Every structure is written in C-alpha cells, then in structure tokens.
Amino acid sequence: MKNTVLSVALITTLFAAPVAWAGEGGSCHFHGNKPTTEAVVSDCADSRRNGLIQAGKLDASWKAVQHDKPELVDGTKGKEWKVMYKNPAVADVSKQTLYIFFSHPGNFIGANHTGQ
C-alpha cells in the first residue's frame with residue numbers, strides 16, 4: 001500500500017513538473033534580471049498577439065501580420081522591449097498599430113495601440 005501511494009505521488013509529480021522545467025523557448029515567464037534575446041522576445045510577442053486574437057481582443061486579421069524588429073527602449077522601470085505590429089486592414093487608423101511590451105528579462109508588461 002505504501003509503495004502504491006509513493007508510486008502515484010511520483011507519477012503525479014512527474015506529469016505536473018514539466019511546466020516548471022520549461023526553458024526560455026518553452027515559456028514567456030522568466031526569473032532574475034538576465035536580459036533576454038531579441039529572438040525570445042519575438043517569439044513571446046507572437047504568442048501574446050495570438051492570445052489576444054483568441055481572447056477576441058484583436059481581429060483575426062492580426063494573425064497574418066509580422067512584427068517589426070523588437071526595440072529596446074527606456075521604460076518607467078528601466079529598459080524594456082517594445083514590439084510593434086502594423087495592420088492596415090484595420091478600419092480605425094488609431095488601432096492599426098499594436099505595441100507589445102516586455103521587461104528586459106522578457107516578462108510581458110502590456111499591450112496597447114498608443115505605444116506608451
């Protein structure tokens with residue numbers, strides 16, 4: 001009985017643990033202050049954009065839009081990554097540009113159409 005309980009606990013832990021083992025490519029959540037790479041920010045930006053589309057906050061036409069080169073800018077709390085998408089298919093000109101922001105280590109900060 002004791003061995004069965006230990007076996008079940010071990011198997012459960014192994015199936016739940018891969019989320020915690022995800023590397024930089026597997027997740028867009030990072031710990032520490034080590035700056036991330038432009039490539040990781042690009043992947044995370046696409047992931048966030050796709051999440052906004054799935055949540056109904058962006059039209060499906062955004063799916064085909066490629067972002068500009070991620071830019072490292074001075075934010076309110078230090079360096080931040082800013083990723084910009086332009087979608088001319090959007091009727092409202094003020095909503096044609098989407099900005100997604102990440103901390104220097106790569107954590108999502110926010111998204112908006114103003115760039116601020």
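Participant: Mind laying out the overall build of the protein chain, listing which residues take part and the relevant values?
Facilitator: Across its full length, the protein chain carries three helices and four strands. When the helices and strands of the protein chain are read in sequence order from the N terminus, they spell out α-α-α-β-β-β-β. Per-residue burial over the protein chain gives 30% buried out of 116 residues. In the protein chain, 37% of the contacts between residues at least 6 apart in sequence involve partners at least 24 apart. Counting only carbon and sulfur atoms, one obtains 58% of the accessible surface of the protein chain, whose full area is about 7,800 Å².

Participant: Please give an account of the state of the cysteines that cites residues and values.
Facilitator: Inspection of every chain in the model, using the stated rule, returns one disulfide. Sulfur-sulfur distance for the disulfide between Cys28 and Cys44 comes to 2.1 Å. Residues Cys28 and Cys44 are joined through a disulfide that is left-handed, its torsion about the S-S bond being -100 degrees. A residue pair is termed long-range when its members are at least 10 positions apart, and Cys28 in the loop between helix H2 (18–21) and helix H3 (38–54) and Cys44 in helix H3 qualify at 16 residues. Taking the relative accessible area as the measure of exposure, Cys28 reaches 25% and is therefore partly exposed.

Participant: Hey, could you go over the pairing of strand E2 (residues 78–86) for me, with residue numbers and the actual values?
Facilitator: Looking at chain direction, strand E1 (residues 71–75) and E2 are connected through five bridges and run antiparallel. For Asp74, the partnering residue across the bridge sits in E2 and is Lys79. Connecting E1 to the next strand, E2, in antiparallel fashion are two residues. Bridge count for E2 against strand E3 (residues 97–103) is seven bridges, and the pairing is antiparallel. Paired with Met84 across the bridge in E3 is Tyr99.

Participant: An account of the pattern of salt bridges is needed here, citing residue identities and associated values.
Facilitator: In total, this model carries two salt bridges according to the counting rule given. Between Arg49 and Asp46 there is a salt bridge, with its nearest N and O atoms 3.9 Å apart. Of the two residues, Arg49 and Asp46 both sit in helix H3, three residues apart, roughly one turn of that helix. According to the relative accessible area criterion, Arg49 is buried, its value standing at 5%. On the basis of relative accessible area, Asp46 is assigned to the partly exposed category, the value being 22%. Lys79 is the salt-bridge partner of Asp74, the closest N and O atoms lying 3.0 Å from each other.

Participant: Talk me through the side chain of Thr97; I want residue IDs and the actual numbers.
Facilitator: Relative to the helices and strands, Thr97 is located in strand E3. At a separation of 3.5 Å, a polar atom in the side chain of Thr97 contacts the side chain of Lys86. Those residues in contact with Thr97 that lie beyond four places of it in its chain are Trp62, Met84, Tyr85, Lys86, Asn112 and His113.

Participant: Lay out the nonpolar core with the relevant residues and their values.
Facilitator: Core analysis: the largest hydrophobic core is formed by 16 residues, its most contacted members being Trp62, Val83, Tyr85, Leu98 and Phe102. Taken together, the elements giving at least two residues each to this core come down to H3, E2 and E3. For this core, the leading source of residues is H3, giving five residues. Aside from chain neighbours lying at most four places away, what touches Val83 is Val41, Ala45, His67, Asp68, Pro70, Leu98, Tyr99, Ile100 and Phe102.

Scoring rules and cut-offs
- Residues numbered from 1 in each chain as written.
- Predicted model: local features only at pLDDT ≥ 70, side-chain atom pairs only at ≥ 80, totals over all residues.
- Heavy atoms only, no water.
- Helix = DSSP H or I, 4+ residues; strand = E, 2+ residues; numbered from the N terminus.
- Buried < 20%, exposed > 50% of the residue type's maximum accessible area, 1.4 Å probe, protein only.
- Contact = heavy atoms within 4.5 Å.
- Areas by Shrake-Rupley, 256 points an atom, 1.4 Å probe, with all protein chains shown as cover.
- Disulfide = S-S within 2.5 Å.
- Pairing = 2+ DSSP bridges.
- Salt bridge = Lys/Arg side-chain N within 4 Å of Asp/Glu carboxyl O.
- Polar contact = N/O pair within 3.5 Å; in protein donor to acceptor, adjacent residues only side chain to side chain.
- Core = buried A, V, L, I, M, F, W, Y, C linked by side-chain atoms within 4.5 Å.

Remember that the coordinates give geometry; whether it matters functionally is a separate question.
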